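Listed below are the residues making up each chain.
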Amino acid sequence: MESTIVPAGRSAARGRIDKRESIIAAAFTVFANRGFARACMEEIAEVAGVAKHTVYNHLGDKESLFREALATVAGDMMAGNLAVVETSLGIGAAADPESALHDAARQLLHRCCDKRSWALRRLLYAEINHFPDLLEVVWGHGASRLREALADRLARLSLAGHLDTPDPSEAAEQFLALLTGPMEARSHLGTKAVDDQELERVARTAVRTFLMAYGRRD
């Protein structure tokens with residue numbers, strides 16, 4: 001059996017990427033637990049399993065690390081949300097649009113209530129005055145991408161005769177609002193557990209309300 005020889009340069013590059021990813025993950029954990037002001041580079045290095053100078057070498061100072069940690073988690077969360085829209089409301093959605101919308105609603109709602117998602121939002125709310133640029137990085141651009149992706153799927157369902165969305169972008173925005181709007185109060189900004197049954201009720205109510213507004217009436 002032939003063995004694969006990995007060039008030393010490639011191995012070193014992979015190791016550097018892995019170490020950077022570990023530091024960013026550790027940083028987000030520490031920032032989420034302590035907030036920006038009380039978090040320290042020593043603890044981040046300890047959680048990441050690296051020396052303190054390694055953290056500085058890879059990410060620079062604490063502010064740069066904070067920005068990178070939030071941007072990375074926001075990117076991961078958004079990639080997952082976009083995947084939900086793509087799979088749940090893909091080609092097969094036309095066969096049973098209501099079930100497809102419900103599947104998308106349920107998955108998006110669970111992701112919205114994920115611990116990392118709440119931690120990300122709480123950090124953003126707490127530090128927005130010190131890091132106003134993160135509002136666009138974490139929320140603005142990502143929310144726009146999700147709305148556009150959902151609007152595209154809703155437009156396709158409208159063209160297929162299943163929905164009536166004169167403005168798909170507005171319809172997408174309202175669909176997302178029906179899902180996320182109730183959750184901040186119900187979960188106390190993610191500090192109170194919301195069980196699966198309640199999430200299911202919110203998802204079903206959101207889809208029912210959405211279809212009352214945008215369902216095709218022939």
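Each value, and the rule that gives it
- Position numbers for residues start from 1 in each chain and track the written sequence from start to end.
- Only residues with pLDDT of at least 70 get local features here, since the model is predicted, and only at 80 or more are side-chain atom pairs given and counted; chain-wide, interface and lining totals rely on the full set of residues.
- The side-chain figures draw on all heavy atoms in the structure; neither hydrogens nor water molecules are used.
- Whether two aromatic rings pair depends on their centres lying within 6.5 Å, for rings of Phe, Tyr and Trp, where Trp uses its six-membered ring; planes under 30 degrees apart make the pair stacked, over 60 edge-to-face, and the rest tilted.
- A helix here means a DSSP run of H or I that spans at least four residues, while a strand means a run of E at least two residues long, and both kinds are numbered starting from the N terminus.
- Any residue under 20% of the maximum accessible area for its type is buried, any over 50% is exposed, and the rest in between are partly exposed; the area is computed with a 1.4 Å probe on protein chains only.
- Either the NZ atom of lysine or the CZ atom of arginine qualifies as a charge over a ring when it sits within 6 Å of the ring centre and within 35 degrees of the ring normal.
- Criterion for a disulfide: a pair of cysteine sulfur atoms within 2.5 Å.
- For the charge count, each Lys or Arg is scored as positive and each Asp or Glu as negative, with His and the chain ends excluded.
- Any Lys or Arg side-chain nitrogen located within 4 Å of an Asp or Glu carboxyl oxygen qualifies as a salt bridge.
- The contact criterion used is simple: two residues touch if any of their non-hydrogen atoms lie within 4.5 Å.

K.L.:
Describe the packing of aromatic side chains, naming the residues involved and giving the relevant values.
P.N.:
The geometry of two aromatic rings is summed up by the distance between their centres and the angle between their planes. Under the criterion given, the structure shown has eight aromatic pairs. Ring centres of F31 and F66 lie 4.9 Å apart, and the angle between their planes is 90°; this geometry places the pair in the edge-to-face category. Linking F31 in helix α1 (residues 8–38) with F66 in helix α4 (residues 62–88), this pair joins segments that are 35 residues apart in sequence. Of the two residues, F31 and F66, both sit in the buried class. Summarising the aromatic geometry, the rings of Y125 and W139 are spaced 6.1 Å apart at their centres and angled 50° between planes, so their arrangement reads as tilted. On the criterion of sequence distance, the pair formed by Y125 in helix α6 (residues 115–127) and W139 in helix α7 (residues 134–159) is long-range, its members being 14 residues apart. Between K62 and the ring centre of F36, over which it is positioned, the NZ or CZ distance is 4.6 Å. Cation over ring: R121 sits above W118, and NZ or CZ is 3.9 Å from the ring centre.

K.L.:
Describe in detail the state of the cysteines, supporting the description with residues and values.
P.N.:
This model, assessed by the stated rule, comprises zero disulfides. The cysteine C112 is free of any disulfide, with C113 supplying the nearest cysteine sulfur at 4.6 Å.

K.L.:
Run through the side chain of R153, naming residues and quoting values.
P.N.:
Inspection of the secondary structure assignment puts R153 in helix α7. Buried and unpaired, R153 has D152 as its nearest opposite-charge partner, separated by 4.2 Å. Beyond its immediate sequence surroundings of up to four residues, R153 is in contact with V85, E86, L89 and G90.

K.L.:
Any details on the pattern of salt bridges? Residues and values, ideally.
P.N.:
Within the structure shown, the criterion is met by nine salt bridges. The shortest N-O distance in the salt bridge between D103 and R106 comes to 2.7 Å. On the criterion of helical spacing, the pair formed by D103 and R106 is a turn pair, its members being three residues apart in helix α5 (residues 97–112). We classify D103 as partly exposed; its relative accessible area is 23%. Its salt-bridge partner being R186, residue E198 comes within 3.0 Å of it at the nearest N-O pair. Here the residue E198 occupies a position in helix α10 (residues 196–214), and R186 occupies one in helix α9 (residues 183–187), the gap between them amounting to 12 residues. One connected set of salt bridges, linked through shared partners, spans E63, R67 and D133.

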